[in-house]
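Examining the three-dimensional arrangement
This is what each chain is made of:
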Amino acid sequence: MRSYLEGKKLNKIEKNKAMKDGLLLGSQIEEFAKIGWEKMDKTDLELRLKWYGMFWRPKTPGKFMLRLRVTNGILNAHQLNLIASIVARYAEDGSCDITTRQNLQLRGILISDLPEILRRLKDADIETIQSGFDNPRNVTGNPLAGIDPKEIIDTRPYTLELENYLTKNGEGNPEFSNLPRKWNTAVAGSHDNFLLHNDIIFHPVIKEGELGFSVWVGGILSSQLNDYAIPLNVWVKPHEICNFTGVVISSWRDGGERYKRPKGRFRFYLNEVGVENFRNHVQEKFGRLIPDPGSIFSQKPRSFFGIHPQKQLGLNYAGIHIPVGRLSAEEIQDLASISATYGSSEVRLTEDQNVIIINIPDKQIDSFKADPLLKKFPLIPKTIAAGTVSCTGNTYCSFALTNTKDQALKISKELDSEIDLPEELKIHWTGCPNSCGQAYMGAIGLTGTKARNADGKMIEAYDISIGGEQGPNQKIGELKHKSVPTAELKNLIKEILIENYSAIPKTKDSSEKFIALKQIIGWIRQLGKSSHSP
């Protein structure tokens, strides 16, 4: 047992982690491929495989999810074509999701194929190591790094340095392979890179003429607590970010909660210790800390959709909309093709589950706009679809209580046809309180739950939060509606958009129908309350 676990009260998961580190499974993957998942040790199958990005899914027994690491969300055409070939191997069982951490999740993977897949990915400089469970997750950054006219610093060298540090150059880092819970790291490159939902964020700040990073800590979106990170009052030089991150993580690793699992996240440890005490503790291990002069944030994050000039003269980037972030093998190949045909064979993934094609010359813009793929993945999506973000949902995930992706796609299309919204608005869907879809960050957030209908039958429903904002006055959304049945969702969201966000019904007829429907829903809710009164 590792020294930092001695004397601690451990829950069942922690005991299994202490008994055998997930990184040790690497030498057994070939064996697992031969014997099949049915003959694997249950804990290796359901827990430790996650250290190699391979997730057992009770919803689809034997068909695994494989999570990649895509540092800073950057992929080239060769890597995309490789990923497409892996997904294509599984026909209708195969699919790919862009995640809210700028990476990809592949579905339908068979354990018999895993050794070969990992070799092929590694040959293409793609890793899966420590991409799941209680490990440091994919390091995120500015999706426009290196091409952004507004960037303060190019995040690519720093996200890569952190990625290599946290995973020991992709081989697996035992220093960080047994954390109390997951750990999220991000590096901002401009004032509108709003990344305060992460455990640690390095935000570029100039102090006395020198460029460094302000440190924010403790962002959390979870079943127990939703809150943005807070400033640690620390400014570090660029070459110090890995050492500083290591000190912060190891302090929490050694002192964090290991028995009550929901309380294991870093923010709970930070709250318990106190920010000032934690800062003093870090200073003892790291050395003298320089006070933070303060971060500056834009009023709101930029929209990447459409074609925009890069800081390189004559070149442009194009943000295209991938509805709810889901891709087929053919669509991944198509993205690789247009990136090579019109750009420099490089794409960027965004936290909003969309794609950016970079380095498009001015002379290629008209041809690019005419490409048939843009009819499916538009440059300028309608405003509600544009801001819709969704977790996997219960199609694949056993934690999810609702079918988020299909419902988000359907309702966003219907609302875009019925109302006009002045500008893109963040609407985040998550299938359970674990909040992979980051519901409380959204102007409207939907968190999956269950409710009983009039017949007493359990049905899919959502808790709805309103008012999440990103920017200098960042705030988490407030829970306003509980257990709203899926059948009532569209009209309630429409009501919220009209009353809170200046949406306008497209026709007089639809406006009148909406007002009438709103009255009916109000009567039904009032009758429901009356029927439950004593």
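Here the structure is shown first, and the text comes after it.
Here goes a summary of the coordinates provided. (Residues numbered from 1 in each chain as written. Predicted model: local features only at pLDDT ≥ 70, side-chain atom pairs only at ≥ 80, totals over all residues. Heavy atoms only, no water.)

Turning our eyes to something else, we now look at the environment of Ser345. If you trace the backbone, Ser345 turns up in the loop between helix H10 (329-342) and strand E15 (346-349). With 13 residues separating them in the primary sequence, Ser345 and Ile358 have C-alpha atoms 8.2 Å apart. (Helix = DSSP H or I, 4+ residues; strand = E, 2+ residues; numbered from the N terminus.)

Here the focus is the layout of surface pockets. Of the volumes computed, that of the second largest pocket is approximately 900 Å³. Contributing to the lining of the second largest pocket are 39 residues, with Lys300, Pro301, Glu424, Lys426 and Gln470 lying nearest its centre. Of the residues contributing to the lining of the second largest pocket, the split by class is 13 nonpolar, 16 polar and 10 charged. (1 Å grid on protein atoms, 1.4 Å probe; cavity = no way out; pocket = protein on both sides within 12 Å on 5 of 7 lines; lining within 4 Å. Points joined across faces, edges and corners; volume = space filled by probe spheres on them. Nonpolar A, V, L, I, M, F, W, Y, C, P; charged D, E, K, R; others polar.)

As a further point, take helix H6 (residues 156-167). Between its first and last C-alpha, H6 extends 16 Å over 12 residues, near the 16 Å set by a 1.5 Å rise per residue. Of the surrounding elements, those touching the buried residues of H6 are strand E6 (185-187), strand E7 (200-207), strand E8 (210-217) and helix H7 (241-255). (Expected span 1.5 Å × (residues − 1). Contact = heavy atoms within 4.5 Å.)

With that out of the way, let us pick up the sheet that holds strand E13 (residues 315-320). Spatially, the 5 strands line up as an open sheet ordered E3-E15-E16-E13-E12, and their pairing is antiparallel. Strands with a single pairing partner mark the edges of an open sheet, and in this sheet they are strand E3 (74-76) and strand E12 (306-309). Here the average twist between neighbouring strands, direction ignored, is 30 degrees. Summarising the sheet, E13 and strand E16 (residues 355-361) pair through 5 bridges and their orientation is antiparallel. Note that in E16 the partner of Ile320 across the bridge is Val355. Each of E13, E15 and E16 touches H10; the most contacted strand, E16, lies at about 20 degrees to it. (Pairing = 2+ DSSP bridges. Axes fitted to C-alpha atoms, helices over the stretch in contact; angles between N-to-C directions.)

Our focus in this paragraph is the sheet that holds E8. The strands making up a sheet are joined through hydrogen bonds of the backbone, oriented either antiparallel or parallel. In space, the 4 strands of this open sheet follow the order E6-E7-E8-E11, with mixed pairing throughout. The sheet is open, and its two borders are formed by E6 and strand E11 (230-236), each paired with just one other strand. The mean inter-strand angle of the sheet, taken between neighbouring strand axes irrespective of direction, is 30 degrees. Pairing between E6 and E7: 3 bridges, direction parallel. Bridge assignment links Val187 to a residue of E7, and that residue is Phe202.

What follows is about the packing of aromatic side chains. In total, this model carries 17 aromatic pairs according to the counting rule given. With 4.8 Å between their ring centres and 45 degrees between their planes, Trp37 and Trp56 make a pair best called tilted. Highlighted residues: Trp37 in the loop between helix H2 (29-35) and helix H3 (42-46) and Trp56 in the loop between strand E1 (54-55) and strand E2 (64-67), separated in sequence by 19 residues. Between Phe244 and Phe286, the ring centres sit 5.2 Å apart and the planes meet at 80 degrees, which makes this aromatic pair edge-to-face. Of this pair, Phe244 sits in helix H7 while Phe286 is found in helix H9 (residues 275-286), placing the two residues 42 residues apart along the sequence. (Phe/Tyr/Trp six-rings, centres within 6.5 Å; stacked < 30°, edge-to-face > 60°.)

Tracing the backbone shows Gly442 in the loop between strand E19 (427-430) and strand E20 (444-452). Between the C-alpha atoms of Gly442 and Ser465, which are 23 residues apart in sequence, the distance is 8.0 Å. Other than its neighbours up to four places away in sequence, Gly442 contacts Lys426, His428, Gly467 and Gly468.

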